[in-house]
Number of protein chains: 4
Amino acid sequence: MEQTETTGGLSAARLLALADGIFAITMTLLVFELKVPEGAAAHLGQSLGALWPKFGACLLGFITLGFSWIGHHNQYVAIVRTDRPFLWINIAFLGSTCFMPFSSALLGTYTFDPIAICTYGANMTLAGLALYWHWSYATTGGRLVRTETSPELVKATKLRVIRAPVGYLLGSLLCGVSPIASLVVFAAIPISFIIPGRVDRHLK
Amino acid sequence: MEQTETTGGLSAARLLALADGIFAITMTLLVFELKVPEGAAAHLGQSLGALWPKFGACLLGFITLGFSWIGHHNQYVAIVRTDRPFLWINIAFLGSTCFMPFSSALLGTYTFDPIAICTYGANMTLAGLALYWHWSYATTGGRLVRTETSPELVKATKLRVIRAPVGYLLGSLLCGVSPIASLVVFAAIPISFIIPGRVDRHLK
Amino acid sequence: MEQTETTGGLSAARLLALADGIFAITMTLLVFELKVPEGAAAHLGQSLGALWPKFGACLLGFITLGFSWIGHHNQYVAIVRTDRPFLWINIAFLGSTCFMPFSSALLGTYTFDPIAICTYGANMTLAGLALYWHWSYATTGGRLVRTETSPELVKATKLRVIRAPVGYLLGSLLCGVSPIASLVVFAAIPISFIIPGRVDRHLK
Amino acid sequence: MEQTETTGGLSAARLLALADGIFAITMTLLVFELKVPEGAAAHLGQSLGALWPKFGACLLGFITLGFSWIGHHNQYVAIVRTDRPFLWINIAFLGSTCFMPFSSALLGTYTFDPIAICTYGANMTLAGLALYWHWSYATTGGRLVRTETSPELVKATKLRVIRAPVGYLLGSLLCGVSPIASLVVFAAIPISFIIPGRVDRHLK
């Protein structure tokens, strides 16, 4: 908030308010898809047990949204201005985010179906590409970033951000070989991003 | 946020917090209307294919909300104060926004039905008129805007904002001739607003 | 936001973030209760027509939430600090707000049923009393307000805020005589608050 | 908001925006689980009466979320920075929060079932441990807190925060003896936190 400049038009603060709102709602709705089984008084444990694939997809989706949010969040350490095309790039990114509860619920219901796997993978690939475009547009010629933003941070962030959509694309293609392999890749990507990287040194 | 003044009562910051919250939720709920088909293990591709009209309405709705949000957002580059009538104008605008998931889902379900088309068109016409009223009220006699707001910005914004409700009204009327023509107009309006206009020069 | 002080513990900014979030979601969910009629291709106009009572309750609920939000909003022109009991008073107020989509949907479904009318009235009476308590707690001995807050503003706000719960209580009791009279009172209260009062002069 | 520092990377402001958004939505959705009974025109009082266990679970859940929010909120009087592991600790805490509407609805539907009681208790135990970890990580070696944070506040907060998960764990175990005893403990914990403690003196 205090990182935004207001000279020159469109403020980044409201953009972040919209983005944080969308992430908050998407994360909550993802879990909200888990419904309490009805009429299961006699065998509640069993009914809850049958929810495990949905529960797993939900947990994976939550971690995945967490890592998307952190990725978006970290770029605004440098980004301090917006313009109209940039707002639309954000809306494209946020649109992919909003589809996550759908893709995630699809994967929770039809866990090993290649169509469900590819829908989820395509959704995350698009979200990742949008986030790469987001950083690339903002930093080209220092367009929307602080003047002191170092070329090293620009490049390190690019390399870190592009890893995700490449991984999701490869993970989706893997489902031709083995659906389980795809699922392992989908789980491994966000978890691998929990590990701090070279970018974090720049953020310090 | 940093664009708001607090001398003189009601702050614009909370108004924007409410507005951004409503846009975030409406955008997310719009997509949340897409439901994972149940019991479609044998023919998932086909079942997802049948979702295309809903998916299309959802995408259109998302872009449309994006352009409404940007329209509202940009006015606050100039607007820095609020008063009680202005809060109610906002509530009228936000009310039309909240109806969007309904109108959009209606259009996704009954795509070529004139009643669905006119409901959607009327909703967007009202939202656009509310946004025009919003700008017009705030700028009349410099009521709620920065003192340095130029008459050129006031006029250029008015011309840009009024284009949308006029377009939606004409688009709705067109459904007497051809429902497809209406749908093309409804899709063309938000897309046409992605193109920066004279207003953007003032925002710089 | 810029109206908050941070010396002395708990900040009012996050309280307002929570409150604005809850209002935004409640307003959106209220409208989300309107569901697109299924399988009505042959008689869409008629099916939408049958939604009118729900549509009316939804519009009334939206205006009512708008007036509650403005009431809460305006108190923070003076309130700049929080303490633990005050957070809980807010949670009580926000709890009544969260019940509004339920009460409102109940009224939309069983419009003339005295139980639905009294549930709605009781909900709004409690919300109004919580808001009165909110102001009264914050201003007693200048506990949480700006030092320059005038006793006239404290008193004028008290008189304005108490009007609503008294009105809702009387409106609820009226349903013994005539359910329609109750509904008229419930609609008249928020509309009467659109008119600026003596409080607005103090807010200037 | 004004309590955050921005030198050194990741801002706490957006983290709080996400957290407040998630609490706002979770609180609202909790109540949204209460559905208006359909086709009950002849016996509405009776149908609403049958909702009492759900209503009770909903009220308990709301108070419980309120106390979790206040617990998280109060830690940010001292916490002014974030880093990547801390963001993930927050995501773990917010994940437990997002599961609350599910656990709470489960308890509202199968009130005396040990599985429902233990699911609710486990959820709240995990949320409490995450909040303890949150404070502990932020304060170890003054990692993310204001330099003037006193060791007394660190310790008093630790003791206050740990009380909740210990209580929920014991409450869950009690259901082997009596489900009612567990429910009493679950209700008593958040209510006991309404009482200001030693921490509040430090917050002054």
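What counts, and where the lines are drawn
- Residues numbered from 1 in each chain as written.
- Chains lettered and ligands numbered in written order.
- Predicted model: local features only at pLDDT ≥ 70, side-chain atom pairs only at ≥ 80, totals over all residues.
- Helix = DSSP H or I, 4+ residues; strand = E, 2+ residues; numbered from the N terminus.
- Contact = placed C-beta atoms within 7 Å.
- Least-squares fit on C-alpha atoms with pLDDT ≥ 70 in both.
- Axes fitted to C-alpha atoms, helices over the stretch in contact; angles between N-to-C directions.
- Parallel < 35°, antiparallel > 145°, perpendicular 65-115°, else oblique.
- Left-handed = near helix turned anticlockwise from the far one by under 90°.
- Nonpolar A, V, L, I, M, F, W, Y, C, P; charged D, E, K, R; others polar.
- Expected span 1.5 Å × (residues − 1).
- Buried ≥ 20, exposed ≤ 12 C-beta atoms within 10 Å, placed from the backbone.
- Arc of directions from axis to C-beta.
- pLDDT = per-residue confidence, 0-100.

**A look at the overall build of chain A**
Phase 1: On a plain count of helices and strands, chain A comes out with 8 helices and 0 strands.
Phase 2: Mapped from its N terminus to its C terminus, chain A presents α and β elements in the order α-α-α-α-α-α-α-α.
Phase 3: Summarising its shape, the C-alpha atoms of chain A cover approximately 65 × 35 × 30 Å along the three principal directions.
Phase 4: Intrachain contacts of chain A at a sequence separation of at least 6 include 78% that bridge at least 24 residues.

**Let's talk about the relation of the copies chain A and chain B**
Phase 1: Superposing chain A onto chain B takes a rotation of 90 degrees plus a shift of 0.0 Å along the axis, which leaves an RMSD of 0.0 Å. Taken together, the rotation angle and the small translation identify this as a four-fold axis. Minimal C-alpha separation from the rotation axis in chain A is found for A:Gly21, amounting to 4.2 Å.
Phase 2: A low fraction, 12%, of the interface residues of chain A reappear at the interface in chain B, so the copies pair through non-equivalent surfaces.

**Some thoughts on the interface of chain A and chain B**
Phase 1: In this complex, chain A contributes 33 residues to the contact, which on the side of chain B involves 32 residues.
Phase 2: Among the secondary structure elements, those contributing two or more residues to the side of chain A that touches chain B are α1 (12-32), α4 (84-109) and α5 (114-139) of chain A.
Phase 3: The greatest single-element share of the side of chain A that touches chain B, amounting to 13 residues, is contributed by α4(A).

**Some words on the packing of helix α3 (residues 52-75) of chain C against helix α7 (residues 179-192) of chain C**
Residues and elements named next belong to chain C.
Phase 1: In the contact formed by α3 and α7, the axes pass within 9 Å of each other and the chain directions differ by 40 degrees. Between α3 and α7, the angle is such that the two are oblique. In terms of crossing hand, the pair formed by α3 and α7 is left-handed. Where α3 abuts α7, its residues Leu60, Ile63, Thr64 and Phe67 lie against Phe186, Ala187, Pro190 and Ile191.
Phase 2: Its residues assigned to classes, the contact of α3 with α7 shows 7 nonpolar, 1 polar and no charged.

**So, the interface of chain D and chain A**
Phase 1: On the side of chain A, 32 residues touch chain D, which itself brings 31 residues to the contact.
Phase 2: Broken down by secondary-structure element, the contributors of at least two residues to the side of chain D that touches chain A are α1 (12-32), α4 (84-109) and α5 (114-139) of chain D.
Phase 3: Counting residues per element, the side of chain D that touches chain A draws most heavily on α4(D), at 12 residues.

**A few points about helix α7 (residues 179-192) of chain B**
All names here are of chain B.
Phase 1: The end-to-end C-alpha separation of α7 is 20 Å, in line with the 20 Å expected for 14 residues at 1.5 Å each.
Phase 2: Taken together, the buried positions of α7 are Ser182, Leu183, Phe186, Ile189 and Pro190. Across the axial projection of α7, the buried residues extend over an arc of 125 degrees, all falling on one side. Exposed side of α7, more than 90 degrees from the buried face: Ala188 and Ile191 are the residues found there.
Phase 3: Here the buried face of α7 lies against α3 (52-75), α5 (114-139) and α6 (151-173).

**Looking at the arrangement of the chains**
Phase 1: With no contact formed, the shortest span from any C-alpha in chain A to any C-alpha in chain C equals 8 Å.
Phase 2: Considering only C-alpha positions, the minimal separation of the non-contacting chain B and chain D is 8 Å.

**Here's the deal with the environment of B:Leu51**
Phase 1: Along the polypeptide, B:Leu51 turns up in the loop between α2 (44-49) and α3.
Phase 2: Counting along the chain gives 30 residues from B:Leu51 to B:Gly21, while the straight-line C-alpha distance between them is 28 Å.

**A word on the packing of α5(D) against helix α7 (residues 179-192) of chain D**
All names here are of chain D.
Phase 1: The N-to-C vectors of α5 and α7 enclose an angle of 25 degrees; their axes lie 10 Å apart at closest approach. When the interaxial angle is binned, α5 and α7 end up roughly parallel. Judged by the sense of rotation from one axis to the other, the crossing of α5 with α7 is left-handed. Along the contact surface, α5 presents Pro114, Ile117, Tyr120 and Gly121, while α7 presents Pro179, Ser182 and Phe186.
Phase 2: Of the residues in the contact of α5 with α7, the class split is 5 nonpolar, 2 polar and no charged.

**Some details on the environment of B:Ala188**
Residues and elements named next belong to chain B.
Phase 1: Turning to its location among the elements, Ala188 is positioned in helix α7.
Phase 2: Judged by local crowding, Ala188 falls into the exposed class, with 12 C-beta atoms found within 10 Å.
Phase 3: For the pair Ala188 and Leu60, spaced 128 residues apart in the sequence, the C-alpha separation amounts to 9.8 Å.

**Quick look at the confidence of the model for chain A**
Residues and elements named next belong to chain A.
Phase 1: Across chain A, the average pLDDT comes to 89, with 93% of residues at or above 70.
Phase 2: Residue range residues 1-9 is modelled with pLDDT below 50. Its contacts to residues more than four positions away, or to other chains, number 24 contacts.
Phase 3: With a pTM of 0.90, the predicted complex shows an ipTM of 0.87.

**Points about the environment of B:Leu87**
Phase 1: Looking at the secondary structure, you find B:Leu87 in helix α4 (residues 84-109).
Phase 2: Between the C-alpha atom of B:Leu87 and that of B:Ala12, which follows or precedes it by 75 residues, the distance is 9.2 Å.

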